[in-house]
Amino acid sequence: MSEKKEPSVWQGFKAFLTRGNVVDLAVAVVIGAAFTSVVNSVVKGVINPLVGAFGTKDLDHYSSCLKDPCVVKNGEAVSGIPIMWGSVLSATLSFLITAAVVYFLMVLPMSKYLAKQTARQAAKEGTQEVIEVTELEVLKEIRDALVAQRGASPGGTAQPGGTEQPGGDAR
């Protein structure tokens, strides 16, 4: 008997890397990273100052103190327990803006496009089905016409088995 040779680990790894999904995923990660930096810039440069118009200029500075007195120097708590909820709010805004842009600029148009493609495909298949049914009906009509023509041909009489007697009338 012949033994099936198992693919080597290296061959499996090469097959994994050359699959289309892996390359698409890598491209998506790179574009996502670039997109994230754009969104973070919008949040820090536009959204945070707009929100900061009602308080401090930077959301990252919004905080509460869990244990007084809170003293923060160079980003580290010297005394007390500060809760930096402003940075959480900033990250949440970044997430919501990213999700909204992805949904409205990518997901929604793509789903509409796919729905149109599906509708076109369904209409095309429906038309082909109608055409196929119509062709079948035409072929049946042709068959029936040929059978009727054989049965009523001039100079011959139709027999129950579909055979004709040459010469016309049976004498």
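Just so it is clear, the model here is predicted, and its values are computed rather than measured.

K.L.:
Help me understand the overall build of the protein chain in this model?
P.N.:
Looking only at helices and strands, the protein chain has three helices and four strands in total. Along its sequence from the N terminus, the protein chain presents helices and strands in the succession α-α-β-β-α-β-β. Counting across all 171 residues of the protein chain, residues that qualify as buried make up 7%. Pairs at least 24 apart in sequence give 29% of the contacts found in the protein chain among residues at least 6 apart. Just so you have it, the protein chain exposes about 14100 Å², and 65% of that area is on carbon and sulfur atoms.

K.L.:
I keep staring at the confidence of the model for the protein chain and nothing clicks. Help me out?
P.N.:
One rule of thumb: low pLDDT means the predicted coordinates there are not for detailed reading. Confidence along the protein chain averages 76 in pLDDT terms, with 80% of residues attaining 70 or more. pLDDT under 50 marks residues 167–171. Its contacts with residues more than four places away, or in other chains, come to five contacts.

K.L.:
Is there a simple way to explain a nonpolar patch on the surface in this structure?
P.N.:
On the surface, Leu66, Ile81, Ile83, Trp85 and Leu89 cluster together into a nonpolar patch covering about 450 Å² of accessible area. Secondary-structure elements contributing two or more residues to the nonpolar patch are strand S2 (76–83) and helix H3 (85–151). By secondary structure assignment, the location of leucine 89 is in helix H3.

K.L.:
Whenever I open this one, the pattern of salt bridges confuses me. Can you help?
P.N.:
Per the counting criterion, the structure on display carries one salt bridge. As a salt-bridge pair, arginine 143 and aspartate 144 come within 3.0 Å of each other at their nearest N and O atoms. By relative accessible area, which is 42% here, aspartate 144 ends up partly exposed.

Rules of the game
Residues numbered from 1 in each chain as written. Predicted model: local features only at pLDDT ≥ 70, side-chain atom pairs only at ≥ 80, totals over all residues. Heavy atoms only, no water. Helix = DSSP H or I, 4+ residues; strand = E, 2+ residues; numbered from the N terminus. Buried < 20%, exposed > 50% of the residue type's maximum accessible area, 1.4 Å probe, protein only. Contact = heavy atoms within 4.5 Å. Areas by Shrake-Rupley, 256 points an atom, 1.4 Å probe, with all protein chains shown as cover. pLDDT = per-residue confidence, 0-100. Patch = residues over 30% accessible without salt bridge, like charges linked within 9 Å, V, L, I, M, F, W, Y side chains within 5 Å. Salt bridge = Lys/Arg side-chain N within 4 Å of Asp/Glu carboxyl O.

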